[in-house]
Amino acid sequence: GNSVTQMEGPVTLSEEAFLTINCTYTATGYPSLFWYVQYPGEGLQLLLKATKADDKGSNKGFEATYRKETTSFHLEKGSVQVSDSAVYFCALAYSGAGSYQLTFGKGTKLSVIP
Amino acid sequence: GAVVSQHPSWVICKSGTSVKIECRSLDFQATTMFWYRQFPKQSLMLMATSNEGSKATYEQGVEKDKFLINHASLTLSTLTVTSAHPEDSSFYICSASPTGTGANVLTFGAGSRLTVL
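Bear in mind that the values here come from a model prediction, so they are computed numbers and not experimental data.

(A) Geometry of the sheet that holds strand S7 (residues 56-59) of chain A. All names here are of chain A. Reading across from one edge, S3-S9-S8-S7 is the order of the 4 strands in this open sheet, with antiparallel pairing throughout. Two strands lie at the open edges of the sheet, namely strand S3 (19-21) and S7, each paired on one side alone. Direction aside, neighbouring strands of the sheet carry axes that sit 15° apart on average. Bridging between S3 and strand S9 (residues 75-77) involves 3 bridges; their strand directions are antiparallel. When the sheet's bridge partners are listed, Leu19 is paired in S9 with Lys77.

Here you go:
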């Protein structure tokens, strides 16, 4: 079956530090890959996505590249801010009308300190 | 943008009672909604797919008589935890996307934290 593995948290960084959250997946075929973010007390929000190999998703300074050869979709940001403190989830799905189901990783909690 | 509202955001109940959680799509219609359960430090686990006007589709291992799902309209799905026990304490999250779209546009509710005493 499909699965997503994320690095264990929590991750604590100082402001302006470089962030990497590793994500690898197991799936058949060619899934779409997602990063979701969950701020304290809020629902999940789509942060970025990539739908095919070598695509790079980016948003709010975060980036992730779909690497089929390594089945990875690592999340990176060059300079984190306190406001980036949240839980980050990597997920995959086979996208398209009617193909809704997401498989999530366990989430990685990020804390950014001033 | 699309908004999904869940109510209540948190609830505490006694063992043996039933609790209903609502999931509403506020500005779009959703033929299908999804219910997830999230344990501390764990991933979101899909419990069931809620289909408007028909029976929900439950994931393997999820008791359909325990977790009753009703999707009575294109904007509302409800999850009822029947005869709740402490092990049912968890964070329940719903998601939905506009009818005819895919996983790319899923919107999640803020979640409902259930504590069973």
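(B) Molecular detail of the interface of chain B and chain A. Contacts between the two partners involve 23 residues from chain B and, on the opposite side, 23 residues from chain A. For the pairing of chain B and chain A, the buried interface totals around 1,700 Å² over both sides, and the portion due to carbon and sulfur atoms is 58%. At the boundary of chain B and chain A, one finds 0 salt bridges. In this assembly, chain B and chain A are joined by 0 residue pairs in polar contact (both at pLDDT 80 or more). In terms of residue count, strand S4 (residues 32-38) of chain B provides more of the side of chain B that touches chain A than any other element does, 4 residues in total. When its residues are assigned to classes, the side of chain B that touches chain A shows 10 nonpolar, 11 polar and 2 charged.

(C) Focus on the pairing of S4(B). Residues and elements named next belong to chain B. With 7 of 7 residues buried, S4 is to be regarded as a mostly interior element. Strand direction decides the pairing type here: S4 and strand S5 (residues 44-51), joined by 7 bridges, are antiparallel. Among the inter-strand pairings, Phe34 is bridged to a residue of S5, identified as Thr49. Hairpin geometry of S4 and S5 is characterised by an intervening segment of 5 residues between the two adjacent antiparallel strands and by a positive phi of about 60° at Lys41. Alignment of S4 against strand S9 (residues 90-96), held across 6 bridges, turns out to be antiparallel. Bridging from a neighbouring strand, Tyr36 pairs with Ile93 of S9.

(D) Representation of the pairing of S5(B) within the structure. All names here are of chain B. Among the 8 residues in S5, 7 count as buried, and that is most of the element. Relative to strand S6 (residues 57-58), S5 runs antiparallel, the two sharing 2 bridges. Looking at S6, one finds that Thr49 is bridged to Thr57. As consecutive antiparallel partners, S5 and S6 are separated by 5 residues, and within that stretch Gly53 has a phi angle of approximately 80°, a positive value.

(E) View of the layout of surface pockets. Roughly 850 Å³ of volume is contained in the largest pocket. Along the wall of the largest pocket there are 33 residues; nearest its centre are Val87(A), Lys109(A), Gln38(B), Pro40(B) and Lys41(B). Mapped by element, the contributors of at least two residues to the lining of the largest pocket are strand S1 (3-6), strand S10 (86-93) and strand S12 (108-113) of chain A. A class-by-class count of the residues in the lining of the largest pocket yields 14 nonpolar, 13 polar and 6 charged. Its volume calculated, the second largest pocket comes out at about 460 Å³.

Criteria and thresholds
Residue positions within a chain follow its written sequence, with the count starting from 1. To read the labels, note that chains go from A and ligands from 1, taken in the order they are written. Two thresholds apply to this predicted model, a pLDDT of at least 70 for residue-level local features and 80 or more for giving and counting side-chain atom pairs, whereas whole-chain, interface and lining totals are computed over all residues. Side-chain figures throughout are based on the complete set of non-hydrogen atoms in the structure, without hydrogens or water. Two strands make a pair as long as DSSP finds a minimum of two bridges between them. The numbering of helices and of strands both runs from the N terminus, where a helix is a DSSP run of H or I of at least 4 residues and a strand a run of E of at least 2. Lines fitted to C-alpha atoms define the axes here, with helix axes fitted over just the stretch in contact, and angles between the N-to-C directions of these axes take values from 0 to 180 degrees. Contacts are assigned to residue pairs that have any heavy atoms within 4.5 Å of one another. Here's the idea: put two parts together, see how much 1.4 Å probe accessible area each one loses, and the total over both is what we call buried area. Throughout this description, the term salt bridge denotes a Lys or Arg side-chain nitrogen within 4 Å of a carboxyl oxygen of Asp or Glu. We define a polar contact as two N or O atoms separated by no more than 3.5 Å, with the added condition that, inside protein, one atom must be a possible hydrogen donor and the other a possible acceptor, whereas residues neighbouring each other in sequence contribute only through side-chain atom pairs. Classification convention: Asp, Glu, Lys, Arg as charged; Ala, Val, Leu, Ile, Met, Phe, Trp, Tyr, Cys, Pro as nonpolar; all other residues, Gly among them, as polar. Any residue under 20% of the maximum accessible area for its type is buried, any over 50% is exposed, and the rest in between are partly exposed; the area is computed with a 1.4 Å probe on protein chains only. Cavities and pockets are defined on a 1 Å grid built over the protein atoms alone: a cavity is a set of grid points where a 1.4 Å probe fits but cannot escape, while a pocket is an open set with protein on both sides within 12 Å along at least five of seven lines, and lining residues are those with an atom within 4 Å of any such point. Grid points are joined across faces, edges and corners, and a volume is the space filled by probe spheres set on the points.

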